[in-house]
Amino acid sequence: MYNFDVVKPTRIADAVKELSDSTESQPLGGGQTLIPTLKQRLASPDKLVSLSGIDEMRGICTGEDGSICVGGATNHATVAAEAGGYPALAATAAHIGDPAVRNRGTIGGSLANNDPSACYPAAALGSGATIKTNTREIAADDYFQGMFATALDEGEIITEVRFPVPEKANYQKFVQPASRFALVGVFVSKYADGVRVAITGASNDGVFRWTEAEAALSSNFSADAIDGLSLSGDDMISDLHGTGEYRAHLCAVMTKRAVAAAA
Amino acid sequence: MAQVSMTVNGKAASGEVEGRTLLSSFLRDQLMLTGTHVGCDTSQCGACVVHVDGQAVKSCTMLAVEAEGADVATIEGQANADGSLNVIQQAFQDHHGLQCGFCTPGMVMSAAALLKDNPKPTETEVREYLEGNICRCTGYHNIVKAIMAASGQDVSAIAAE
């Protein structure tokens, strides 16, 4: 790792100022991806702005409209334990990485990184969540912009993520056992106005919505509704763990399982 | 360089660190607490697991400055006050939960974190909790058995496969 300074502000405004003071600064969430990245010298910030000391960015609450609001610096273990108002979200958080990783990694860090195989992007897109930053609110549909790419500007911090609670939802993760990321993960949610299906781990463009499955499930919310639907493996991730074709097949299988398990 | 202060195994500890200094490096190289092992240095193996404010974390994937003011527990602080092995450590010995011993500090610290939150885990819960702790010797069976025994459960039915 190249060396860097670390600052630990206690207010969002101070963190924003620290980030704007230097073009080579970077926010530090739980560091479960960033620190390994720095070790490999894939990034070389001169300053890390730790978000772990900002109390107003931690914790879970229920909004006036019943939505679940998760502070951007809330770790996965807390979401797993305390997001009982949205059980599928809590269950998703409970299976990210391993217990020690869940005690450090944060929802804001995961969504800002937008790893193409991470779990939270599927939960956020699959729930139609709102990503709240220090300057604005971004709909999940506008937020995810490809592998490791998001709508965030330089120095913009995710302060909160708001999840509308569906009637039913479930996340099915086909685990890549070495990395504990999703080889393919499918988040299905059923709202009064329709069904959302978000898939992570499969596409070269990162998390995406499977709109054909959404249409089929919106008129018939059962695993059978997926019969006959398929995705092309042409633009899917192909590596030693699985071909694009294999991942495309898994998308349908995991979608069916998620529908069958949705509660 | 920054000054960092924390409590380690109940005692005040402080030192000068760089921003990039990992908690594992601070513990091992400055406090000379080399019981915390660094196996992979890529957040995979769990040999470096310590507790920070009661939570199991991989100390190779946390900056020392992030532990400022924290209560840190390492394997060196696990034995009983008279120096005898604690219940988990003794169970690892009794049930052959280690061979080379390299992963053991992390295994014991993870086990302690699990049993604090879940005093009577099922075998499945133990195995799931150890997902982030890799052992290349034992095949895990005796580690799981040791943790089940440390939780006070009957392990006579858990046979090594």
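Conventions used here
Residues numbered from 1 in each chain as written. Chains lettered and ligands numbered in written order. Predicted model: local features only at pLDDT ≥ 70, side-chain atom pairs only at ≥ 80, totals over all residues. Contact = placed C-beta atoms within 7 Å. Helix = DSSP H or I, 4+ residues; strand = E, 2+ residues; numbered from the N terminus. Nonpolar A, V, L, I, M, F, W, Y, C, P; charged D, E, K, R; others polar. Domains from an automatic or database assignment. Pairing = 2+ DSSP bridges. Axes fitted to C-alpha atoms, helices over the stretch in contact; angles between N-to-C directions. Buried ≥ 20, exposed ≤ 12 C-beta atoms within 10 Å, placed from the backbone.

## Here we look at the interface of chain A and chain B
- At the interface, 20 residues of chain A touch 20 residues of chain B.
- Going through the elements one at a time, strand 1 (5-7), helix 2 (34-39), strand 3 (47-50) and helix 5 (99-102) of chain A are the ones with two or more residues in the side of chain A that touches chain B.
- Residues of the side of chain A that touches chain B, tallied by class, amount to 9 nonpolar, 6 polar and 5 charged.

## Observations concerning the domain arrangement of chain A
All names here are of chain A.
- Entries for chain A in the domain assignment read domain 1 (5-163) and domain 2 (168-261).
- When each unit is reduced to the centre of its C-alpha atoms, the spacing between domain 1 and domain 2 is 23 Å.
- Across the contact, 21 residues belong to domain 1 and 23 residues belong to domain 2.
- For the side of domain 1 that touches domain 2, the elements supplying multiple residues, two or more each, are helix 4 (87-93) and helix 7 (120-126).

## So, the sheet that holds strand 4 (residues 60-62) of chain A
All names here are of chain A.
- Read across the open sheet, the 5 strands follow the order 4-5-8-6-7; overall the sheet is antiparallel. Edge positions in the sheet fall to strand 4 and strand 7 (137-139), since each has one partner strand and no second. The sheet shows a mean angle of 20° between the axes of neighbouring strands, direction not considered.
- Note: strand 4 against strand 5 (residues 68-71), 3 bridges, orientation antiparallel. Residue Cys61 lies in a different strand from strand 5, and its bridge partner there is Cys69.

## What about the environment of Ala100(A)?
- Mapped onto the fold, Ala100(A) is located in helix 5.
- The class of Ala100(A) is buried, set by 32 C-beta atoms lying within 10 Å.
- In this structure the C-alpha to C-alpha distance between Ala100(A) and Leu34(A), which are 66 residues apart in sequence, comes to 16 Å.
- Setting aside anything within four residues of it in sequence, one finds Ala100(A) in contact with Gly46(B), Val49(B), Ala56(B), Val57(B), Lys58(B) and Gly132(B).

## Quick look at the pairing of strand 9 (residues 168-175) of chain A
- Of the strand pairs in this sheet, strand 9 of chain A and strand 10 (residues 182-191) of chain A are connected by 8 bridges, and their pairing is antiparallel. What sits directly across from Tyr171(A), in strand 10 of chain A, is Phe187(A).

## A closer look at the domain arrangement of chain B
Residue and element names in this part refer to chain B.
- Per the domain assignment, the segments making up chain B are domain 1 (2-76) and domain 2 (87-150).
- Between the C-alpha centres of domain 1 and domain 2 the distance comes to 21 Å.
- Counting residues at the interface gives 14 residues for domain 1 and 11 residues for domain 2.
- Ranked by residue count, the leading element in the side of domain 1 that touches domain 2 is strand 3 (residues 49-52), at 3 residues.
- Of the residues belonging to the side of domain 1 that touches domain 2, the class tally is 7 nonpolar, 7 polar and no charged.

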